[in-house]
Amino acid sequence: MNCQKTLGIRMLRKEYDHIILLAHGSPDPLWKEPFESLYSQISQMYGADNSSLAYMELTTPTLEDAVAALSSNVKRVAVLPLFLAVGRHLRKDVPSQIEALQRSDLEIKLLPPIGEDTLVQNAIQTAIAQHLGKA
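How each quantity is defined
Residues numbered from 1 in each chain as written. Predicted model: local features only at pLDDT ≥ 70, side-chain atom pairs only at ≥ 80, totals over all residues. Heavy atoms only, no water. Helix = DSSP H or I, 4+ residues; strand = E, 2+ residues; numbered from the N terminus. Contact = heavy atoms within 4.5 Å. Areas by Shrake-Rupley, 256 points an atom, 1.4 Å probe, with all protein chains shown as cover. pLDDT = per-residue confidence, 0-100. Expected span 1.5 Å × (residues − 1). Bend = angle between axes of the 7 residues up to and from the residue. Buried < 20%, exposed > 50% of the residue type's maximum accessible area, 1.4 Å probe, protein only.

> Teacher, can you tell me more about the overall build of the chain here?
A tally of helices and strands in the chain yields five helices and four strands. For the chain, the sequential pattern of α-helices and β-strands runs α-β-α-β-α-β-α-β-α. In the chain, 75% of the contacts between residues at least 6 apart in sequence involve partners at least 24 apart. Here the chain displays about 8,500 Å² of accessible surface, and carbon together with sulfur accounts for 56% of that area.

Structure (structure tokens):
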């Protein structure tokens, strides 16, 4: 295991026992493929015990399924929305889901959507520049 992977695991475990990557969801099975591929890479890097993938609606596993599958050793969970921005789902729907899933022995924190991360914004700008021939 390289130093970055070791550091990443320490950072994850320092603040959270587990992270749930949360995608929107779609009834189209092909829609899930990029998220499952991303999760496969994340779970290989950080371990399936430290991460899971869930969908807010229209497909499974749901956020409820992911929380139900957690080990009893997990006490602090972060939900990382794989959304570009905050909309109604992240202002109302997901917080309501999380509130219903909170337990006295489990703290669940909703993180800002991945699209607000500067690294993601820079990657999107780079991809757009490549399409415009400016990279």
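> Quick question: what am I supposed to make of the confidence of the model for the chain here?
Chain-level statistics for the chain give a pLDDT mean of 89 and a share of 88% at 70 or above. Under a pLDDT of 50 for its full length, residues 1-13 has, in the predicted model, 12 contacts with residues more than four places off or in other chains.

> I tried to follow helix 4 (residues 88-101) on my own but got confused; where do I start?
A turn of α-helix holds 3.6 residues, and therefore any two residues three or four places apart point the same way. Along its 14 residues, helix 4 runs 19 Å from first to last C-alpha, staying within 8% of the 20 Å computed at 1.5 Å per residue. Taken as a whole, helix 4 carries its principal kink of about 30° at Val94; the proline Pro95 stands between one and four residues after it. Those residues of helix 4 that sit buried are His89, Leu90, Val94, Gln97, Ile98 and Leu101. Tucked into the core, helix 4 has its buried residues touching strand 1 (18-23), helix 3 (63-68), strand 3 (76-81) and strand 4 (107-110).

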